[in-house]
Amino acid sequence: MTEQTVDYEKEEHAWDKSYSRGDNNILYPKDEVLRFMSKYIIKRTHSLYGGMQNTVLNIKSPDDFPLDIKGLDFGCGIGRNVIYMGELGIKGYGIDVSSTAIALANSFSSSFVQKDLIEADNVNFLKMNPGEEIPFRNSYFDFSVCDGVLDSMSHEMTKQCFGEIFRVTDRYIYFSVIGSESHTSGNFVGEEVVTTPQHEENTIQNYFDIDKINDLLSPYRQNIMELHIQKETKEYAKQEVETVVSGFNPNKHSRFHVTIEKY
Ligand SMILES: C[S@@+](CC[C@H](N)C(=O)[O-])C[C@H]1O[C@@H](n2cnc3c(N)ncnc32)[C@H](O)[C@@H]1O
């Protein structure tokens, strides 16, 4: 599949329909996002000189809160990661191409705000068109997360979006993408349109192996101080698994979790 053959308007509508059906309506972050946040963003260690230290800002004592950290969730869906950032006192920004997802994100987050669980300023959602520049200056965000998004588009679009995420992030990036073993063939590196009349119908799945990830990162390597690529592989018993996505392998699933620290 080439960039020219992808109809972005159709893609956008496919995501709108998907959210209207209730796909991806999950309100709490994935374990790996929580781990990334806890390891790199809100980690507090007791320093030799007393007090607390935070890895993003140098927080020396609990009195130094509230934090002035800005986080981006690219492809935020209904806003679960932004709501979590808000709960931590981080100024969260979610961006997505689906206006249905953005409407849901605004509605879910406002119920947290109304209950005084989150400050209104800390949950911000923005709809953008596929492939548009992220409307923030270079290094505006202290960190970015992008969970299951760079594998939900054509690879040309993945490269464009990753470049933008890299540009607007000052220090830490987490992203996850689906692995080639998740495909029904057992090993497929490439893109295809989801065709089953169910979960994420008519959206694109872009399957990765380690070489494809390294290729995506290669133009940025000189600006990467630390890189962790973790491969998660799960094997299922056939009878316990429902095949929800065409091309999804019911026996095996793999996903890459990538953490980057920029210079
Ligand atoms: C599988 S969902 C994941 C949603 C969210 N990250 C989560 O973990 O709940 C993929 C998301 O990517 C968004 N998306 C697809 N193409 C995009 C693009 N070019 N730019 C920004 N978001 C995009 C979709 O609208 C959808 O919300």
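Preceding block: the structure.
Rules of the game
Residues numbered from 1 in each chain as written. Predicted model: local features only at pLDDT ≥ 70, side-chain atom pairs only at ≥ 80, totals over all residues. Helix = DSSP H or I, 4+ residues; strand = E, 2+ residues; numbered from the N terminus. Buried ≥ 20, exposed ≤ 12 C-beta atoms within 10 Å, placed from the backbone. Expected span 1.5 Å × (residues − 1). Contact = placed C-beta atoms within 7 Å. Axes fitted to C-alpha atoms, helices over the stretch in contact; angles between N-to-C directions. Parallel < 35°, antiparallel > 145°, perpendicular 65-115°, else oblique. Nonpolar A, V, L, I, M, F, W, Y, C, P; charged D, E, K, R; others polar. Core = buried A, V, L, I, M, F, W, Y, C linked by C-beta atoms within 7 Å. Left-handed = near helix turned anticlockwise from the far one by under 90°. Near = placed C-beta within 6 Å. Pairing = 2+ DSSP bridges. Right-handed = clockwise from strand over helix to strand, strands pointing away.

Student: What exactly am I supposed to notice about the overall build of the protein here?
Tutor: If you tally the helices and strands in the protein, you get six helices and 11 strands. A burial count over the protein gives 38% of its 263 residues as buried.

Student: How do you make sense of helix H5 (residues 155-168) when you look at a structure like this?
Tutor: Each turn of an α-helix holds 3.6 residues, which means side chains three or four residues apart point in the same direction. Helix length check: H5 (14 residues) gives 20 Å between terminal C-alpha atoms against 20 Å at 1.5 Å per residue, within 8%. Those residues of H5 lying buried are His 155, Met 157, Thr 158, Cys 161, Phe 162, Glu 164, Ile 165 and Val 168. Summarising the contacts, the buried residues of H5 are in contact with strand E3 (70-74), strand E6 (141-147), strand E7 (169-178), strand E8 (190-193), strand E9 (204-207) and helix H6 (210-217).

Student: Any chance you could explain the packing of helix H1 (residues 8-20) against helix H4 (residues 99-114) here in plain terms?
Tutor: To characterise two packed helices, one gives the angle between the axes of the helices and the distance between these axes. Put simply, H1 and H4 touch, their axes get as near as 7 Å, and they point 40 degrees apart. Judged by the inter-axis angle, H1 sits oblique to H4. Of H4, the residues touching H1 (which contributes Trp 15, Asp 16, Tyr 19 and Ser 20) are Ser 99, Thr 100, Ala 101 and Leu 104. Across the contact of H1 with H4, the residue classes tally to four nonpolar, three polar and one charged.

Student: Even after reading the chapter, I still don't get unusual backbone geometry, so can you show me in this structure?
Tutor: Unlike most non-glycine residues, Asn 24 shows phi in positive territory, near 55 degrees. Tracing the chain through its elements places Asn 24 in the loop between H1 and helix H2 (31-41). Residue Asn 24 is classed as partly exposed on the basis of its 18 C-beta neighbours within 10 Å. In this structure, Ser 139 takes a positive phi of about 60 degrees despite not being glycine. The residue Ser 139 is located in the loop between strand E5 (123-127) and E6 in this model.

Student: Sorry if this is basic, but what is going on with the environment of Lys 212 here?
Tutor: The residue Lys 212 is located in helix H6 in this model. Between the C-alpha atom of Lys 212 and that of Gly 190, which follows or precedes it by 22 residues, the distance is 9.4 Å.

Student: Got a minute to help me understand the environment of Gln 160 in this structure?
Tutor: Tracing the backbone shows Gln 160 in helix H5. Overall, Gln 160 belongs to the partly exposed group, with 16 C-beta atoms counted inside 10 Å. Note: C-alpha distance between Gln 160 and Glu 132 (28 residues apart in sequence) is 8.8 Å.

Student: What exactly am I supposed to notice about the nonpolar core here?
Tutor: Nonpolar side chains tend to gather and get buried jointly when the protein is soluble and globular. Val 82 and Ala 105 are the most contacted members of the largest nonpolar core, which has 51 residues in total. No other element matches the six residues that E7 contributes to this core. Excluding its chain neighbours within four sequence positions, the residues that come into contact with Val 82 are Asp 73, Cys 76, Gly 92, Tyr 93, Gly 94, Ala 105, Ser 109, Val 123 and Phe 125.

Student: Looking at this structure, how should I read the packing of helix H3 (residues 80-87) against H4?
Tutor: Two elements in contact, H3 and H4, have axes whose closest approach is 10 Å; the angle formed by their N-to-C orientations is 25 degrees. With respect to H4, the axis of H3 lies roughly parallel. The handedness of the crossing between H3 and H4 is right-handed. Where H3 approaches H4, its residues Val 82, Ile 83 and Gly 86 are matched on the opposing element by Ala 105, Phe 108, Ser 109 and Phe 112. Split into classes, the residues belonging to the contact of H3 with H4 amount to five nonpolar, two polar and no charged.

Student: I would appreciate a short explanation of the site of the ligand in the present structure.
Tutor: With respect to spatial proximity, 18 residues lie near the ligand, and among them Trp 15, Gly 75, Gly 77, Ser 98 and Pro 130 are the closest. Of the residues in the shell around the ligand, the class split is nine nonpolar, six polar and three charged.

Student: Sorry, what's going on with the pairing of E5 here?
Tutor: Within a regular strand, the side chains alternate between the two sheet faces. Pairing of strand E4 (residues 91-96) with E5 involves five bridges; the strand directions are parallel. For Ile 95, the partnering residue across the bridge sits in E5 and is Leu 126. In terms of handedness, the path from E4 via H4 over to E5 forms a crossover that is right-handed.

Student: In this structure, what is going on with the sheet that holds E7? I would like to understand it.
Tutor: In any sheet, the strands associate via hydrogen bonds between backbone groups, in a parallel or an antiparallel arrangement. Strand order in the open sheet made by the seven strands is E5-E4-E3-E6-E7-E11-E10, with mixed pairing throughout. Two strands bound the open sheet, and with one partner strand each, they are E5 and strand E10 (224-235). On average, each strand axis in the sheet is tilted by 15 degrees relative to the strand beside it, whichever way the strands run. Along the sheet, H3 makes contact with E3, E4, E5 and E6, crossing E4 at roughly 170 degrees. With respect to the sheet, H5 is in contact with E3, E6 and E7, its orientation differing from that of E7 by roughly 150 degrees.

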